[in-house]
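Observations on the model geometry
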Amino acid sequence: MRNIWTIAKREYDHYFISPIAYVVAFLILLTTGGIFVYSLSYYTQSAFQSFGGAPDITPITGSFGFLLVLTIPAITMRLIADEARMGTLELLLTAPVRDFELIAGKWLGGFLFILSILAITLIYPIILNGIVFGSVTILHPLVTPGIDRQLMFSAYLGVILAAAAFLALGVGISAIFTNQIAAFFVTLIAFVILWWLFGFPSSVLQPGTTGQMLFQYLDMKTHFYNAFGTGSIAISDFLYFLSLTAIGLFIGTTAVEVRRWR
C-alpha cells in the first residue's frame, strides 16, 4: 500500500506542473461554471413567469461526466506510455514495486486529480443551499427549501464512479502503448464506444430481447444518466462501473507484466 501511495503522490504532484492538466481543469470548470450560470438564470426566469420547478445539480454533474469522455484520454495517455518511451519504465520494473502497485498508483494519482477538480464544483450546491450552522446563517440559500440532497449525492457518486472507470481504462490502454498519441486516440475511441455507440443498438433493437438488454447494460450513459442522474441506483449500476475499473487495472497490470518478461 505504501508503494501505491508513493506513486500516486508523485503522479498527483506532477499534474500541477503539467500544462495539459491545467487545460483539462480549466475546460471542465469553465464549462460547468457556464452551465451553472445558465441554469440559474433559466430557473430564475421560470420562477418569475410562474413556470414552476427548482434548480438542481444534475446539469453540472451531467456535463462533468460528458467532459470526462473527452479529457481523461489526455490525462492518462502519458502515465505508462511516456514512461516506456523514455526508458524510465524499466527502472520502475527493477524497483521493489509490484506490477499492480505501479498501475494502481498511477490510477490513484489521476483519480485524486479529478476528485480535486470535482471538489471545486461543490461551490455550486453550496451557493444554492447556502451555509447554515444551527441558527446562524453564513450564506443565504438561493433555493428554498433547498436542492434535493439525495439526488445531489447520487449524481456526484455517479461522476466519481465514472471517473474511476475511465481512468482505469485509460491507464490500462496507456500500458499497452509506447506512443502517447496512439494511447490517446485508442482511449478516446474506447470511451466513445462505451458512451455513445453501445447505446445505438439498444435503441434500434426490439425491446426486451437479449441483444437489446445486453447493449443497454453496456451503454454507460444508461447507468450514468438514467440511474445516478435520477437518484435511482441499483446494485447493477455499481457493479457496472466497478467492473470497468477492475478490467482497466487488470489490463494495465497484465501489460506491464508482459513488458517485464520480454
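As a reminder, the structure under discussion sits directly above these lines.
The structure displayed is predicted, hence computed values, not measured ones.

**Concerning the packing of aromatic side chains**
Inspection of the entire model under this criterion finds 17 aromatic pairs. Each ring, one from Trp 107 and one from Phe 111, has its centre 5.2 Å from the other, and the planes form 10°; the classification is stacked. Residue Trp 107 and its partner Phe 111 are both found in helix 6 (residues 99–120); the two are separated by four residues, about one turn of the helix. We note that Trp 107, like Phe 111, is buried.

**Concerning the packing of helix 8 (residues 149–174) against helix 13 (residues 235–261)**
Remark: helix 8 packs on helix 13, axes separated minimally by 7 Å, with the N-to-C direction vectors making an angle of 20°. The angle between helix 8 and helix 13 places the two elements in the roughly parallel class. Here the hand of the crossing between helix 8 and helix 13 comes out left-handed. Contact with helix 8, carried on its side by Leu 157, Leu 161, Ala 162, Ala 164, Ala 165, Ala 168, Leu 169 and Gly 172, involves Phe 238, Phe 241, Leu 242, Leu 244, Thr 245, Gly 248, Leu 249, Ile 251 and Gly 252 of helix 13 and no other residues of that element.

**Quick look at the pattern of salt bridges**
Under the criterion given, the structure shown has five salt bridges. Glu 11 is paired through a salt bridge with Arg 78; the nearest N and O atoms lie 3.3 Å apart. Linking Glu 11 in helix 1 (residues 2–15) with Arg 78 in the loop between helix 3 (58–76) and helix 4 (81–86), this pair joins segments that are 67 residues apart in sequence. Like Arg 78, Glu 11 is buried. Linking Lys 221 and Asp 219 is a salt bridge whose minimum nitrogen-to-oxygen distance equals 3.7 Å.

**Examining the nonpolar core**
The biggest cluster of nonpolar side chains holds 61 residues, and the ones touching the most others in it are Leu 68, Trp 107 and Phe 241. Setting aside residues no more than four positions away along its own chain, Trp 107 makes contact with Ala 164, Leu 167, Ala 168, Val 171, Thr 245 and Leu 249.

The rules behind these values
Residues numbered from 1 in each chain as written. Predicted model: local features only at pLDDT ≥ 70, side-chain atom pairs only at ≥ 80, totals over all residues. Heavy atoms only, no water. Phe/Tyr/Trp six-rings, centres within 6.5 Å; stacked < 30°, edge-to-face > 60°. Helix = DSSP H or I, 4+ residues; strand = E, 2+ residues; numbered from the N terminus. Buried < 20%, exposed > 50% of the residue type's maximum accessible area, 1.4 Å probe, protein only. Axes fitted to C-alpha atoms, helices over the stretch in contact; angles between N-to-C directions. Parallel < 35°, antiparallel > 145°, perpendicular 65-115°, else oblique. Left-handed = near helix turned anticlockwise from the far one by under 90°. Contact = heavy atoms within 4.5 Å. Salt bridge = Lys/Arg side-chain N within 4 Å of Asp/Glu carboxyl O. Core = buried A, V, L, I, M, F, W, Y, C linked by side-chain atoms within 4.5 Å.

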